Amino acid sequence: NRGIMLTHNRAFLKIFQFVTFFMMLLALYAIFVYAPVEKSMGIVQKIFYLHVPSAFLAFFAFFITFIASILYLYKRNHQWDIIASSSAEIGVIFCTIVLITGPIWAKPIWNVWWTWDPRLTTTLILWFIYVAYLMLRRVAGESQRTTFSAVFGIFGFINVPITFLAIRLWRTIHPLVITGKGINISIPMQHTLIIAFVAFLLLFLLLLINRIELEKMRYKVGE
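Residues numbered from 1 in each chain as written. Predicted model: local features only at pLDDT ≥ 70, side-chain atom pairs only at ≥ 80, totals over all residues. Heavy atoms only, no water.

## Side note on the overall build of the protein chain
Filter applied, for reference: The numbering of helices and of strands both runs from the N terminus, where a helix is a DSSP run of H or I of at least 4 residues and a strand a run of E of at least 2. The buried label applies to any residue whose accessible area, calculated with a 1.4 Å probe on protein chains only, is under 20% of its type's maximum; exposed applies above 50%, and partly exposed to all values in between. A contact between two residues is defined here by any heavy atoms of the two lying within 4.5 Å. Only the protein chains shown count as covering a residue, and every accessible area follows the Shrake-Rupley method with a 1.4 Å probe.
Counting its secondary structure elements, the protein chain contains seven helices and two strands. Going from N to C terminus, the protein chain has its helices and strands arranged as α-α-α-α-α-α-β-β-α. Expressed as a percentage of its 223 residues, the buried residues of the protein chain come to 41%. Put simply, 76% of the contacts in the protein chain that link residues at least 6 apart link residues at least 24 apart. Of the accessible surface of the protein chain, which amounts to about 13000 Å², a share of 71% is contributed by carbon and sulfur atoms.

## Considerations on the side chain of T163
This is how the line gets drawn: Whenever a nitrogen or oxygen atom comes within 3.5 Å of another N or O atom, the pair is scored as a polar contact, on the condition that within protein one atom can donate a hydrogen and the other can accept it, and that pairs from neighbouring residues in sequence are kept only if both atoms are in side chains.
Position of T163 relative to the elements: it lies in helix α6 (residues 159-169). Looking at T163, the relative accessible area reads 0%, which means it is buried. At 3.4 Å, the side chain of T163 forms a polar contact with the backbone oxygen of T122. Of the polar contacts made by the side chain of T163, one reaches the backbone oxygen of N159; its length is 2.8 Å. Residue contacts for T163: discarding those within four places in its chain leaves F59, R119, T122, T123 and L126.

## A look at helix α4 (residues 118-139)
We apply this condition: Given a helix with a known number of residues, its expected span is that number minus one, times 1.5 Å.
With 22 residues, α4 should cover 32 Å at 1.5 Å per step; its first-to-last C-alpha distance of 31 Å lies within 8% of that length. Along α4, the residues that are buried comprise P118, R119, L120, T122, T123, L124, L126, I129, Y130, Y133 and R137. The N-cap residue of α4 is D117: its side-chain oxygen and the backbone nitrogen of R119 are 3.0 Å apart.

## Looking at the side chain of T123
Tracing the sequence through the fold places T123 in helix α4. Judged by relative accessible area, T123 falls into the buried class, the value being 9%. If we skip the residues at most four places from it in the chain, T123 touches C95, V98, L99 and T163.

Given below as structure tokens:
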């Protein structure tokens, strides 16, 4: 039965990899061919389709870390610690993409690479928080690491809603694309954003699955 399950899991993973690869190609086509060039910002606006999904998936990754950390403290099951740490690592990757694509987009529009705008500042703080989370897992003692990391993962999440709401809480030059009335872009741009978001979500899930499996193997070897 275990052998059958492993075979099914491998088959599912291969299909999932293929679907993810296809969606990434479709997203690239939609971004550079299907989506029109924005009139005022020009070609640089296409970074938007990488920047926005990366930001939302960074938030989602840190939310998973938050929930998994709570469940670890409640159940003391090491599986939840593995999920929390794996998701945090991938969240840092997506948050790094946000911090790289943001200035590239900002330079031709704002004429500066960086400004201490509330959204930018809180995103940078968020990145530092979860880099510190990963560093804590490296330096803390084996008996204390999981508990300290879980507490850090819970309290660190406080900055996620602050970052998300920053453009509503403070005066900012950061554009407000998604409002209560919908998305302030054309229909083809909306389609492209949805395709890019689905592609990035699949990529995130694929990375998370592989990272969790790798961490489980490392944990078993260490036992």
